[in-house]
Amino acid sequence: MKSPQTILVVEDDPWFAKQHLRVLKKANFNTKYATDGIAAIGMLDQELPDAVLLDMFLPGPNAMVLLHEMQSYADLSRLPVIICCGSASNIPLDRLAPYGVVEILDKNTMKPNDIVSAIRRVLL
Amino acid sequence: MKGSEIGWTKGEELSDDQIPFMVAAAHELKAPLALIRQLSLSLEEGLEGAENQRQMLRQILLTSERGLRLTSDLTRTVRLEDSLFELEPVNARQLCEDVAHELSPLYKACGRELQVVAGKRQLLAVANRDLLRRILVNFSDNALHYADARTPVLIQSAGYQEGQKIRLGVRDYGPAVSSDIWRRLKRNLGASPQAMQNRPASSGLGLYISGQFAEVMHGSIGATRHRDGATFYVDLLASQQMKLL
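Residues numbered from 1 in each chain as written. Chains lettered and ligands numbered in written order. Predicted model: local features only at pLDDT ≥ 70, side-chain atom pairs only at ≥ 80, totals over all residues. Heavy atoms only, no water.

Right, let's get into the overall build of chain A. When helices and strands are counted, chain A shows six helices and five strands. Each helix (α) and strand (β) of chain A, taken in turn from the N terminus, gives the series β-α-β-α-β-α-α-β-α-β-α. Taking 124 residues into account, the globule formula puts the C-alpha radius of gyration at 14 Å, and chain A, at 13 Å, falls close to it. Counting only C-alpha atoms, chain A reaches 35 × 30 × 25 Å along its principal axes. The buried share of chain A, reckoned over its 124 residues, is 51%. If you sum the accessible surface of chain A, you get close to 5,800 Å²; carbon and sulfur atoms cover 53% of it. Side chains of chain A give 12 positive and 14 negative charges; the mean places of these two sets differ by 9 Å. (Helix = DSSP H or I, 4+ residues; strand = E, 2+ residues; numbered from the N terminus. Rg over C-alpha atoms; globule rule 2.2 N^0.38 Å. Buried < 20%, exposed > 50% of the residue type's maximum accessible area, 1.4 Å probe, protein only. Areas by Shrake-Rupley, 256 points an atom, 1.4 Å probe, with all protein chains shown as cover. Lys, Arg positive; Asp, Glu negative; His and termini not counted. Charge placed at Lys NZ, Arg CZ, Asp CG, Glu CD.)

Shown next, in the form of structure tokens:
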């Protein structure tokens, strides 16, 4: 049997993060969780996930810093990243595509399972 | 930008000063609403177990209370100059305890603790009780985002300048704030809110509102950086009433 894929959730709102983790676990994904970019880098160093679900506005270094950092390493630069944030309409996907971002979800309009659909599309 | 300048009447165009304020307010209200919506949609599916349901309903309740506090503060800010705020001697320790009690459900739900630290001496600040409570609630709510889960957030009150002033502050223990972020934060403390994406993972709207409230009470807000966190405080005149006894 194929082992479950692992998703790293980077989200500073602990209750929003819990919501993502609940939804992903129900869809049989393994999950890891970081509250900020620095913690996320630490986790990426330990073990590579299959995809990253990333909020844009984080305390300390924001998501752009993390995306830049990921591009500095060959293995991390290949990881698919899905942005999930409250200002999705202001973020053009084509500007972030060079940083490994493959999809942008809007927290204000998405449905809980949209993160699962997005991840499955990306990992197909 | 004074509180009254934020006021807006239908038909008027927003000034350049008002736009960042409106954007910040909209941004800060959007986050709790988005969370409430996600949790409600999940509950509507009816697939959650009883414990998850209970936890999610609690989060919806506490998040909506948070949003309502912000809207209530915003309304107060807009009407600051239209209203008379009675200043009276306010028992600093008692108020700190009331705030800790008020926020204990929120802190508990986040797995955190809010503790009151006060000396034996009774301190009376010249303040409007409601506005001072709102400032401390704002600081404590802010601290919740940054405090290390293993250490409690402290609400402190102390006299200084030979008892002429009283400082009420909220101390959080968390990662050190870098110098450049701190400089930016200090510069913007109490100033018009704007996009800040570092220590305050928000617009600084709460600090702006607190600054406005402090000003009405002839006080001011400030912040101190520690190696392991920060203290946000409000300085007020001390009531001399106790000395007369």
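So that's the structure; there's more coming.
Take the sheet that holds strand β7 (residues 229–237) of chain B next. All names here are of chain B. Spatially, five strands are ordered β2-β4-β5-β7-β6 in an open sheet, and the strand pairing comes out mixed. The open sheet has two edge strands, β2 (114–118) and β6 (220–226), and neither has a second partner. Averaged over all pairs of adjacent strands, the angle between their axes in this sheet comes to 20 degrees, without regard to strand direction. Summarising the sheet, β6 and β7 pair through seven bridges and their orientation is antiparallel. When the sheet's bridge partners are listed, T224 is paired in β7 with T231. Of the strands in this sheet, β2, β4 (153–160), β5 (165–173), β6 and β7 touch helix α5 (residues 129–146), which is tilted by about 20 degrees from β5. (Pairing = 2+ DSSP bridges. Axes fitted to C-alpha atoms, helices over the stretch in contact; angles between N-to-C directions. Contact = heavy atoms within 4.5 Å.)

Regular strands have side chains that alternate between both faces of the sheet. Residues and elements named next belong to chain B. By the bridge criterion, seven bridges tie β4 to β5 in an arrangement that is antiparallel. From the neighbouring strand, I155 faces β5, where its bridge partner is V170. Remark: four residues form the turn of the hairpin made by β4 and β5, two consecutive strands paired antiparallel; Q161 in that turn has positive phi of roughly 50 degrees. In this structure, β5 lies alongside β7, joined through nine bridges in antiparallel fashion. Note that in β7 the partner of G169 across the bridge is Y233.

So, on to the packing of aromatic side chains. For any pair of aromatic rings, the description rests on two quantities: the centre-to-centre distance and the angle between the ring planes. For the coordinates displayed, the defined rule picks out one aromatic pair over all chains. Positioned above the aromatic ring of F16 of chain A is the side chain of K107 of chain A, whose terminal nitrogen or guanidinium carbon lies 4.5 Å from the ring centre. R171 of chain B extends its terminal NZ or CZ atom over the ring of Y173 of chain B, reaching a point 3.9 Å from the ring centre. (Phe/Tyr/Trp six-rings, centres within 6.5 Å; stacked < 30°, edge-to-face > 60°. Lys NZ or Arg CZ within 6 Å of the ring centre and 35° of its normal.)

All names here are of chain B. If you check α5, its first and last C-alpha atoms are 26 Å apart, about what 18 residues at 1.5 Å a residue would give, namely 26 Å. In terms of burial, α5 is largely enclosed, as 14 of its 18 residues are buried. Regarding α5, its N-cap is N128, as a side-chain oxygen of that residue lies 3.1 Å from the backbone nitrogen of D130 further along. (Expected span 1.5 Å × (residues − 1). Polar contact = N/O pair within 3.5 Å; in protein donor to acceptor, adjacent residues only side chain to side chain.)

This next bit is on the environment of A230 of chain B. Note that A230 of chain B resides in strand β7. When the C-alpha positions of A230 of chain B and A92 of chain B are compared, they lie 20 Å apart, and in sequence the two are 138 residues distant.

Let us look at the interface of chain B and chain A. Counting residues at the interface gives 24 residues for chain B and 23 residues for chain A. Taken over both partners, the interface formed by chain B and chain A buries close to 2,100 Å², and the fraction arising from carbon and sulfur atoms is 53%. Summed over the shared surface of chain B and chain A, the result is one salt bridge. Across the pair K26 of chain A and E48 of chain B runs a salt bridge whose closest N-O atoms are separated by 2.4 Å. At the junction of chain B and chain A, the tally comes to eight residue pairs in polar contact (both at pLDDT 80 or more). It is helix α2 (residues 18–45) of chain B that contributes the most residues to the side of chain B that touches chain A, nine residues altogether. Among the residues forming the side of chain B that touches chain A, the class breakdown is twelve nonpolar, eight polar and four charged. (Buried area = accessible area lost by both parts, 1.4 Å probe. Salt bridge = Lys/Arg side-chain N within 4 Å of Asp/Glu carboxyl O. Nonpolar A, V, L, I, M, F, W, Y, C, P; charged D, E, K, R; others polar.)

Another point: the pattern of salt bridges. If the charged atoms of two oppositely charged side chains come close together, the side chains can form a pair. This structure, assessed with the given rule, holds 17 salt bridges over all chains. Through salt bridges with shared partners, a single network forms among D73, R76, E102, D130, R133 and R134 of chain B.

The nonpolar side chains of a soluble globular protein tend to be buried with one another. L132, L168 and V234 of chain B are the most contacted members of the largest nonpolar core, which totals 76 residues. Residues within four places of V234 of chain B in sequence aside, it is in contact with L132, I135, F139, I166, R167, L168, A214, S220 and I221 of chain B. Judged by nonpolar contacts, the second largest core, of 24 residues, contains L44, M70, C85 and Y99 of chain A. (Core = buried A, V, L, I, M, F, W, Y, C linked by side-chain atoms within 4.5 Å.)

Residue and element names in this part refer to chain A. Ordered in space as β2-β1-β3-β4-β5, the five strands form an open sheet in which the pairing is parallel. Taken across any chain shown, the strands that pair with only one partner, and hence form the sheet edges, are β2 (30–34) and β5 (101–106). Here the strands of the sheet are splayed against their neighbours by 20 degrees on average, with no regard to which way each runs. Contacts from helix α3 (residues 63–71) reach β1 (6–10), β3 (51–54), β4 (81–85) and β5 within the one sheet, and its direction differs from that of β3 by about 160 degrees. This element, helix α6 (residues 114–123), spans β1, β3, β4 and β5 of the sheet and lies at about 170 degrees to β5.

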